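A structural walkthrough
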Amino acid sequence: MFAEIRGLSFRYKNSSVDNVKDFNLEMNQGEVTCILGESGSGKSTVLRLLAGLEFPLNGQMQINGKILFNEDKFVLPEKRGIGMVFQDYALFPHMTVEENIRFGLTNLSKQEKTERIREMLELVHLEDYAKRYPYELSGGQQQRVAIARAVAPKPSILLLDEPFSNLDAHLRQSIREELNGILKDTGMTSIFVTHDREDAKSIADQVVILDKGETIGKGKAIII
Amino acid sequence: MVSYIVKIKGGVNLRSGSSIKRSFNLWGMLSAFFAALIILPNVDLFGNLFVQPNENWYHIKTYLLKDYITNTLVIIGFTGVFTVLVGSGLAWLISAYDFPGRKIINWALILPLTIPTYIGAYTYNGILNYTGVVQRLLRNVLEVQVSPKWLDIMNIQGAIFIFAVFLFPYVYTVTRAFLSNQSASLIENARLLGKNSLEIFCQVVLPISRGAILGGMTLVIFEVLNDYGVVSYFGVQTFSTAIFKAWFSMGDIDTAVKLSGVLMTIVISVLLLERGLRGRKKYSYTTSKVRPIVRTRLRGLKGFWAFFVSFMFLSLGFIIPVLQLLVWSTLTYKKVLNIAFLKLLGNSVVVALVAALIILGVAVIIANFSRLQENWVGKLFSKVTLLGYSIPGAVISMGVILFFVDFDRKLEWFYKALNPNSITLVLSSSVVMLIFAYSVRFLAVGYQSIEAGFEKVGKKFFEASRILGNGVTKTFFRVDLPMIKPAVISAFALTFVDIVKELPLTLILRPYNFNTLATKTYEYATDEMIHEAAIPALLIILVSIASVYLLNKLGEKEGI
C-alpha cells in the first residue's frame, strides 16, 4: 500500500463533538481518491489534517513507509512533501506565474529549476503566461497555475480542495477533463474534495463519502 | 521521491504539545521578551507608588491635588463635548449632504491633526495678544478699544478651545468612516418616515454611531491627558504640569510617581467609562450590504451655510494658524535657519527614524506570533502592545526613568570594567532611554496598522507557503512581509510623525542639551520668541501633511 491513514479524528477548539471521526483510507500509487460530502461534513478538514495544517486528535498516517503522524510524532507541513491546491488557489499576488511555480522548488540548481518550471507550464498549457501576475489571469488559468505550483516540487500526494467550485458551470466539464489529463500525465497520487457527485464519477478511482465527520460510504467510483 | 523521505526526518516534532503551533519558539521568545520590556517600566512605576510619601506629597495633597483633578476633569469634559459636537456634526454634514466645496473639505478636515496642539496654542496666543494681528487691527485700523481680557486665551477656556479646534478630526474621521459604511439604509428609512435633518441626526445618527464617536472621543481625551505643552504654556495646573514640576523643580521622583498614579486612575476610569457607554454595541453592524448614503444636494443659501460652517472649522484648525506661522517665518528665517537648525532637524529625524524602525520590528514580530498562536498568550501579547498609548507621556517617562536608573545601577560593574572612570548612569543619561520610551509609547500606533495588514491578507498564503516547503520564518520573509508592505509603510509614516511631534516625553527624557524640532519650538515659544518658533513648527506640520498625503495615496491604492 502506497499511503495509509488509520483512525484519524479531529476536533476544532470550540467544538463539543469530533469534526472528523475515525477516518480511514488506503491508496495505491497513482490512484485518484475523491472525498465527497456536503459543506460542514469535515471533508476539507481531512485535507488540512493530511497537509499538516491542523493537529489531529488521534490516528496515524504514512506514505511509502514513512510516518507523517501518529501518537508521538508529527511532521510539520513544510517537511511532509505533500502538495495542495487551495480552493481559492492562494497564488502569491506579488509574484508572477513563474515565480509562484519556482517558490516550492528547493535543492535544485538554477538550470534544473528553469527546466522544471518550463515542464510545468507545458503541463498546464500556460507557456505564454510565465511573466503574468495572478490578477492578470482568468479563474481557470489561475487554477492551472495553482496546480503547476503544487506539482512542481514532485510531492508524494497532491491534495485538491474543491477544485471546481470557483469555476463557471459551462467550464466544469472541460476543466474536469483537463484535470483528469494532468493527473494521469503526472501519475500523481491525489485526493480531491467535492460536494458534486458528477466530479467524483468523472475523475475518481475510489470515493469516500463523509457526513458530519463520519465515513458513510466508500468504494470504487463506478458504484456511486 | 527519495529526497523527500530523507527530508522528513528533520521536521519531526514530538507530540507532547496540543498544537502544531508550538513550533514558533523563536517568534514566541522574542515576543515575550518585547512584551516584558513594555511591562517592566510600568511594574517599576506601580511598585514605587507605595513608598512612604514625603513632605512634597503631603503639601500637594493638601493644597493642590484638588485643583489638578478639577482642572483636568474640566478640560477633558468640555473638550470631549465640543469635539463630539463638532466632529460628529461635520461628519454628518459631509456624509449626508452635497454642497459647493464638499469634496475638498471632506479630506481637508483631517488637517488640524497635523498641527501639534502646543504649536496651535502659542500661535493663537500670538494672534490674539496685545501685539498680535487681531488687536493691532482693532486698535490701529478700526480704532476700537477692546479690553484685552476679552481676547486673552491664556487660561483654562483657552486650553479647551485649542484642544477642541485641533483634535475634533479624531471624532470626525472615525464617525465619517462609520457613517459612510454602515448607515445608508437606516438613514434613508428615517427620511422616508418623514424625519427632518436635525431629528435624524439626534435620533438616528448619534445613537447608531455611538461606538465610533466614543472611540474618537477617547482618543481625544488621551491626547489631552498626555498634553504638557498647551497647559504649561497657558499656565493651567494639571497633572502633567504637576509631574513636570515635581521632577524638574524639586527632583522628587516619588511625588512624581504618586501624581502619575492618580493620573492613571483617571485614564483607567476613562477606559472603563468608554466600555460602559459603548455597551454591547460594536462598531460594525450586521447588515452585509455596504453602500454609500445618497447625499442630499444643498443649493443656494443652504449650500453656502454648509460650506461656511465646515470651512470655518477648517480655518480655525488649520488655515489661520498656518498662515500666521508662514508670516512669522518670513520675519525670522534668516535668523533661525543655520547650522544649529540642521542639527536640530538631524536629531529629530534620527531619533524618530530609529524608534519607528524598532517599533516596526517589534510590532511585526508580536503581530505575526499572535495571529499564528491564536490562544490567550498571543492575545495577551497583542494587548500589551496597546498599553503605551493610553498612558500619558509624563507617566511613561517616570516609569522609564525608574527602570533605566535601576538597570544602570545593576550594570555599574560592567561599565566600570569597560572604563574605570565611567559614570553609573550610562544608559539613563543617553538618547537610548528616550528612544526606548518612544517605542513603548507609540508601539500601539504601528501595531494596529500592521495587525490590520495581517488580517487583510489572512492565513491562506502562509499555509500555501508552508505546504510548499517553507518554515514559519522563511515564509514570513518570502510571503507575509511583502504582502503586508502597505501596512508596514503606513505604520512607519504614522509612528514617525507621532514621534517628530512628541513633546512631554522628549522634554523629560532627552539627554542634556539635546534638542529636537519639537523641544526647540516649545523653548522658543516659552522664551517669548514666538516668531522664531514658526520655522521648526512649520517643518513639523509639513512632515505630518506629507504622511497624511502618503496614507491617503496608499488608501486609494488599496481601495479602502
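Quick caveat: nothing in here was measured; it's all calculated off a predicted structure.

**Notes on the overall build of chain A**
The secondary structure content of chain A amounts to six helices and 11 strands. Here the C-alpha radius of gyration of chain A, 17 Å, is about what a compact globule of 224 residues would show, namely 17 Å. Along the longest, intermediate and shortest principal axes, the C-alpha atoms of chain A span 50 × 40 × 35 Å. Of all intrachain contacts in chain A linking residues separated by at least 6 positions in sequence, the fraction that spans at least 24 positions is 66%. Carbon and sulfur atoms provide 46% of the accessible area of chain A, an area that totals close to 9600 Å². Taking the average location of the 28 positive side-chain charges in chain A and that of its 32 negative ones, the two points are 3 Å from each other.

**Considering the domain arrangement of chain A**
All names here are of chain A. Segmenting chain A into domains produces domain 1 (1-79 + 155-224) and domain 2 (82-154). For domain 1 versus domain 2, the distance between C-alpha centres works out to 22 Å. Each side of the interface is counted separately: domain 1 has 27 residues, and domain 2 has 19 residues. For the pairing of domain 1 and domain 2, the buried interface totals around 1800 Å² over both sides, and the portion due to carbon and sulfur atoms is 67%.

**Overview of the pattern of salt bridges**
The final tally for this structure, using the stated rule, is 25 salt bridges over all chains. Among the ionic pairs, glutamate 463 of chain B bridges to arginine 48 of chain A, the shortest N-O distance being 2.5 Å. Linking glutamate 463 of chain B in helix H21 (residues 460-467) with arginine 48 of chain A in helix H1 (residues 43-51), this pair reaches from one chain into another. Between aspartate 480 of chain B and arginine 371 of chain B there is a salt bridge, with its nearest N and O atoms 3.0 Å apart. Separated by 109 residues along the polypeptide, aspartate 480 of chain B in helix H22 (residues 472-483) and arginine 371 of chain B in helix H16 (residues 339-373) bring together distant segments of the chain. With respect to burial, aspartate 480 of chain B and arginine 371 of chain B carry one shared label: buried. Residues joined by salt bridges that share partners form a network here, namely Glu4, Arg6 and Glu26 of chain A.

**Describing the sheet that holds strand S11 (residues 214-220) of chain A**
Strands in a sheet are paired, the pairing made by backbone hydrogen bonds, and the direction either parallel or antiparallel. All names here are of chain A. Taken in spatial order, the six strands of this open sheet run S7-S8-S9-S3-S10-S11, and their pairing is mixed. The strands lining the two open edges of the sheet, one partner per strand, are strand S7 (82-85) and S11. Going from strand to strand, the sheet's axes swing by 15° on average, the running direction of each strand aside. Across five bridges, the pairing between strand S8 (residues 157-161) and strand S9 (residues 189-194) is parallel. The residue bridging leucine 159 from the neighbouring strand is isoleucine 191, located in S9. Taken strand by strand, helix H4 (residues 139-151) contacts S7 and S8, and its axis lies near 175° from that of S7.

**Looking at the packing of helix H17 (residues 376-390) of chain B against helix H20 (residues 431-457) of chain B**
All names here are of chain B. H20 packs onto H17 with a crossing angle of 130° between their chain directions and a minimal axis gap of 5 Å. Of the possible angle classes, the one that applies to H17 and H20 is oblique. With respect to the hand of their crossing, H17 and H20 are arranged in left-handed fashion. Here Ser382, Thr385, Leu386, Gly388 and Tyr389 of H17 lie close against H20, whose contacting residues are Val440, Arg441, Phe442, Leu443, Ala444, Val445, Tyr447, Gln448 and Glu451.

**With respect to the nonpolar core**
Counting residues in each nonpolar core, the largest one holds 211 residues, and the members touching the most others are Phe23 of chain A together with Tyr122, Leu259 and Ile450 of chain B. Per-element tally for this core: the top contributor is H16 of chain B, with 16 residues. Taken domain by domain, this core gets at least three of its residues from each of domain 1 (1-79 + 155-224) and domain 2 (82-154) of chain A. Excluding residues that lie within four positions of it along the chain, phenylalanine 23 of chain A makes contacts with Ile5, Arg6, Gly7, Leu8, Ile35, Val46, Val208, Leu210 and Thr215 of chain A. Val145, Ile147, Val151 and Ile203 of chain A belong to the second largest nonpolar core, which has 39 residues in total.

**Things to note about the packing of helix H5 (residues 117-128) of chain B against helix H15 (residues 300-336) of chain B**
Residue and element names in this part refer to chain B. Across the interface, H5 lies against H15 with an axial gap of 10 Å and an inter-helix angle of 70°. The orientation of H5 with respect to H15, classified from their angle, is roughly perpendicular. Here H5 contributes Ile119, Tyr122, Thr123, Tyr124, Gly126 and Ile127 to the contact with H15, which in turn contributes Ser315, Leu316, Ile320, Pro321, Gln324, Leu325 and Trp328.

**Quick word on the side chain of threonine 332 of chain B**
All names here are of chain B. Mapped onto the elements, threonine 332 comes out in helix H15. Here threonine 332 falls in the buried class, since its relative accessible area comes to 4%. Engagement of the side chain of threonine 332 in a polar contact is seen with the backbone oxygen of histidine 531, the distance being 3.1 Å. Once residues lying within four places of it in the same chain are set aside, the contact partners of threonine 332 are His531, Glu532 and Ile535.

**Looking at the pairing of strand S3 (residues 32-36) of chain A**
All names here are of chain A. Where burial is concerned, most of S3 is hidden: five out of the five residues are buried. Taking every second residue as pointing to the same face, both faces of S3 are buried, with Val32, Cys34 and Leu36 on one and Thr33 and Ile35 on the other. Pairing geometry for S3 and strand S10 (residues 206-211), over four bridges, is parallel. Looking across to S10, one finds that threonine 33 is bridged to glutamine 206.

**A closer look at the confidence of the model for chain B**
Residue and element names in this part refer to chain B. On average, residues of chain B carry a pLDDT of 85, and 92% of them reach 70 or more. Across residues 1-21, confidence stays below pLDDT 50; counting only partners more than four residues off in sequence or on other chains, it has 54 contacts. Of the regions scoring below 50 in pLDDT, residues 282-288 engages in 12 contacts with residues more than four places distant in sequence or in other chains.

Rules and cut-offs
- Residues numbered from 1 in each chain as written.
- Chains lettered and ligands numbered in written order.
- Predicted model: local features only at pLDDT ≥ 70, side-chain atom pairs only at ≥ 80, totals over all residues.
- Heavy atoms only, no water.
- Helix = DSSP H or I, 4+ residues; strand = E, 2+ residues; numbered from the N terminus.
- Rg over C-alpha atoms; globule rule 2.2 N^0.38 Å.
- Contact = heavy atoms within 4.5 Å.
- Areas by Shrake-Rupley, 256 points an atom, 1.4 Å probe, with all protein chains shown as cover.
- Lys, Arg positive; Asp, Glu negative; His and termini not counted.
- Charge placed at Lys NZ, Arg CZ, Asp CG, Glu CD.
- Domains from an automatic or database assignment.
- Buried area = accessible area lost by both parts, 1.4 Å probe.
- Salt bridge = Lys/Arg side-chain N within 4 Å of Asp/Glu carboxyl O.
- Buried < 20%, exposed > 50% of the residue type's maximum accessible area, 1.4 Å probe, protein only.
- Pairing = 2+ DSSP bridges.
- Axes fitted to C-alpha atoms, helices over the stretch in contact; angles between N-to-C directions.
- Parallel < 35°, antiparallel > 145°, perpendicular 65-115°, else oblique.
- Left-handed = near helix turned anticlockwise from the far one by under 90°.
- Core = buried A, V, L, I, M, F, W, Y, C linked by side-chain atoms within 4.5 Å.
- Polar contact = N/O pair within 3.5 Å; in protein donor to acceptor, adjacent residues only side chain to side chain.
- pLDDT = per-residue confidence, 0-100.

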